[in-house]
Amino acid sequence: MNFYVLSFLFLFLNFIYSQNMNTHLIFDPLQDRKLKLDNGLTVLLKRYSTLPLVSIQVWVKVGSIYESEEINGISHFLEHMVFKETSKYTSTVISKKIEYYGGIINAGTSKEYTVYYIDIPKEGIKDAIDVLSQLVFYATFPDEEIQKEKNVIIEEIKRLEDQPMNVLYENFNALLFTKTPYKWRIIGRKENIQSFTKNQVKEFYQNFYHPQNMVLSICGDINYEEIEKLIRESFGKINGFSYTKSIKSDLKEDPKSDIIEIKKHKVQHLYFLCGFLGPNINEFEQYAGDITSVILGEGVSSRLYKILREEKKLVYEIHSGFYTQMGPSVFYILGICEPQNFEEAIRAIKNVISNLKTEGPTEEELIKAKNILLTRWYLNNENVHSIASTLAWWEMFLSLDAANSYIENINNVSKEDVKNFLEKYGGYLVTTGLQP
């Protein structure tokens, strides 16, 4: 696609956006609803009636960065344990109640949050809300289930330690984060898992699973009055005692100099991951990070792919990415090559970054990157589950206003912003690799 076609597409998409501002808001305060219950729980409701489905999600602001070295892994362990039994339901009853409607129930833990969700036909809303409120407030942690789940998670750790991509990521993360709790593994260590007691798990649950520390996000074919009533009769009954838990340590991480660490693993080629720390989540520079990652390493027309894969033939695969956190964000480049090409590949990556930092992107690259991110934003928010997730994440870590401004902020990134982003953060490269 040539420059003039890209320019026209960019202008056209922005014209459509400007003519339909309200239809493109991820959260429209005139139509959608945000509630704060008396106990401190934040509730987000968005009617989306394309299909008779609903996604009900509870986001808890707790993950591995809220742990210490001694209890690293407890957030993930707790996520498993709440499904075992509540004061009202056994694990079998929980599954049957949701599966009866053809619904899906699941959960996930990250460094910064834990999420529980049920995606279900609208007929199952009442049972879904009831089940989720039981999981996050009334789990009982049976003694016999604790030991069983320890064995399950230890086996999961063993499997992960056998997967090259997971090992590569953990090695990379350990080099980037040496001071802050971002260095802890989400799944934890085997010794920790084995040592957890019921009292430890219960105390952690009581400390963090508090209405003031949660967002309940619901998107789908809903009636606002009916669902508000169900929420107040379940989540609203929880006591809203004072909540004071927070991250104990500073999330500021020292910038790193150039580091290269290569280890042996069961791989056929050399896998490498390199990158650097970036801005915190509330800084405008994060949008320049998104743009830069697309220009450098997304797709066959990106700079890294064209130079390292097509021209120099140094790598089999290469791409870049950028993800934000409450603390420092992470800009990364993932590649696969032959061991003898590794050093030259790293030199070539540094040269590509240096050239972009000095010259900045072309107008065509900037337009293309913005179009890719704009399209991704819409595609990532085209169903009830993804919309509920987007609303919860932005409300928990930034704001719904910031979510509504994402496209505008991406469009406002300039050539100079990209240069400044790399000048400020991209002066070094932390690199880890796995070789045969």
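Each value, and the rule that gives it
Residues numbered from 1 in each chain as written. Predicted model: local features only at pLDDT ≥ 70, side-chain atom pairs only at ≥ 80, totals over all residues. Heavy atoms only, no water. Helix = DSSP H or I, 4+ residues; strand = E, 2+ residues; numbered from the N terminus. Buried < 20%, exposed > 50% of the residue type's maximum accessible area, 1.4 Å probe, protein only. Contact = heavy atoms within 4.5 Å. Axes fitted to C-alpha atoms, helices over the stretch in contact; angles between N-to-C directions. Parallel < 35°, antiparallel > 145°, perpendicular 65-115°, else oblique. Nonpolar A, V, L, I, M, F, W, Y, C, P; charged D, E, K, R; others polar. Expected span 1.5 Å × (residues − 1). Pairing = 2+ DSSP bridges. Salt bridge = Lys/Arg side-chain N within 4 Å of Asp/Glu carboxyl O. pLDDT = per-residue confidence, 0-100. Phe/Tyr/Trp six-rings, centres within 6.5 Å; stacked < 30°, edge-to-face > 60°. Core = buried A, V, L, I, M, F, W, Y, C linked by side-chain atoms within 4.5 Å. Disulfide = S-S within 2.5 Å.

### Topic: the environment of E310
By secondary structure assignment, the location of E310 is in helix 11 (residues 303-311). Owing to a relative accessible area of 42%, E310 belongs among the partly exposed residues under this scheme. In the structure, E310 is positioned ten residues away from V300 in sequence and 8.9 Å away in space, judged by C-alpha atoms. Each residue touching E310, except ones within four places of it in the same chain, is listed here: V300 and Y305.

### Things to note about the packing of helix 10 (residues 285-297) against helix 11
Helix-helix packing is described using two parameters, namely the angle between the two axes and the distance between the axes. Running from N to C, helix 10 and helix 11 point in directions that differ by 25 degrees, and their axes come no closer than 3 Å. With respect to helix 11, the axis of helix 10 lies roughly parallel. Counted together, I295, L296 and G297 of helix 10 and R303, L304 and Y305 of helix 11 form the full contact between these two elements. Here the contact of helix 10 with helix 11 is built from residues that sort into four nonpolar, one polar and one charged.

### Quick notes on helix 13 (residues 363-379)
Its 17 residues place the ends of helix 13 24 Å apart at the C-alpha level, agreeing with the 24 Å of an ideal helix rising 1.5 Å per residue. Every buried residue of helix 13 is accounted for by E365, L366, I367, K368, A369, K370, N371, L373, L374 and W377.

### What about the sheet that holds strand 10 (residues 330-337)?
The strands making up a sheet associate through hydrogen bonds between their backbones, and the pairing can be parallel or antiparallel. What the five strands build is an open sheet, ordered 7-11-8-10-9; its pairing is mixed. Edge positions in the sheet fall to strand 7 (259-264) and strand 9 (317-323), since each of these pairs with one other strand and no more. Strand after strand, the sheet turns through a mean of 15 degrees between neighbouring axes, direction not considered. Of the strand pairs in this sheet, strand 9 and strand 10 are connected by seven bridges, and their pairing is antiparallel. For H319, the partnering residue across the bridge sits in strand 10 and is L334. The strands touched by helix 6 (residues 164-176) within the sheet are strand 7, strand 8 (270-277), strand 9, strand 10 and strand 11 (430-435), with strand 11 carrying the most contacts at an inclination of about 150 degrees. The sheet strands contacting helix 17 (residues 415-425) are strand 8, strand 9 and strand 10, and the helix crosses strand 8 at an angle near 100 degrees.

### Description of the sheet that holds strand 4 (residues 104-109)
Pairing is mixed in the open sheet, where six strands are placed in the order 1-2-6-3-5-4. Looking along the sheet, the strands with just one partner apiece sit at the ends: strand 1 (33-36) and strand 4. Sheet twist, expressed as the average angle between the axes of neighbouring strands with direction ignored, equals 15 degrees. Helix 9 (residues 224-234) rests against strand 1, strand 2 (42-47) and strand 6 (214-220) of the sheet, and its axis sits at about 155 degrees to strand 2. Contacts from helix 14 (residues 384-397) reach strand 1, strand 2, strand 3 (53-60), strand 5 (114-121) and strand 6, with the element oriented near 25 degrees to strand 3.

### Observations regarding the pattern of salt bridges
Counted under the stated rule, the structure contains 24 salt bridges. Salt-bridge contacts for E225 lead to R33; the nearest nitrogen and oxygen are separated by 3.0 Å. Here R33 lies in strand 1 and E225 lies in helix 9, a separation of 192 residues in the sequence.

### Topic: the side chain of S389
When you line up the elements, S389 lands in helix 14. Taking relative accessible area as the criterion, S389 reaches 17% and is therefore assigned buried. Residues contacting S389, with those up to four places away along its chain left out, are Q57 and W59.

### A look at the confidence of the model for the chain
On average, residues of the chain score 93 in pLDDT, and 93% of them are at 70 or above. Across residues 1-23, confidence stays below pLDDT 50; counting only partners more than four residues off in sequence or on other chains, it has 25 contacts.

### Structural notes on the packing of aromatic side chains
Scanning all chains against the criterion turns up 28 aromatic pairs. An angle of 75 degrees between the planes, with centres 6.3 Å apart, marks the rings of F276 and Y428 as edge-to-face. Remark: Y428 occurs in the loop between helix 17 and strand 11 and F276 occurs in strand 8; sequence separation between them is 152 residues. Take F276 and Y428: they sit in the same class, and that class is buried. Members of the aromatic cluster, connected to one another through ring pairs, are W59, Y113, F284, Y287, W377, W393, W394, F397 and Y406.

### Structural notes on the nonpolar core
Grouped together as the largest cluster of nonpolar side chains are 138 residues, with contacts concentrated most on Y209, I218, I231, F235, F272 and I349. The leading source of residues in this core is helix 14, at nine residues. Apart from the residues lying within four places of it in its own chain, the contact partners of I231 are L37, V43, L45, I129, L216, I218 and G236.

### Some details on the state of the cysteines
All chains considered together, the criterion is met by zero disulfides. Sulfur of C337: no disulfide; nearest cysteine sulfur belongs to C274 and is 10 Å away.

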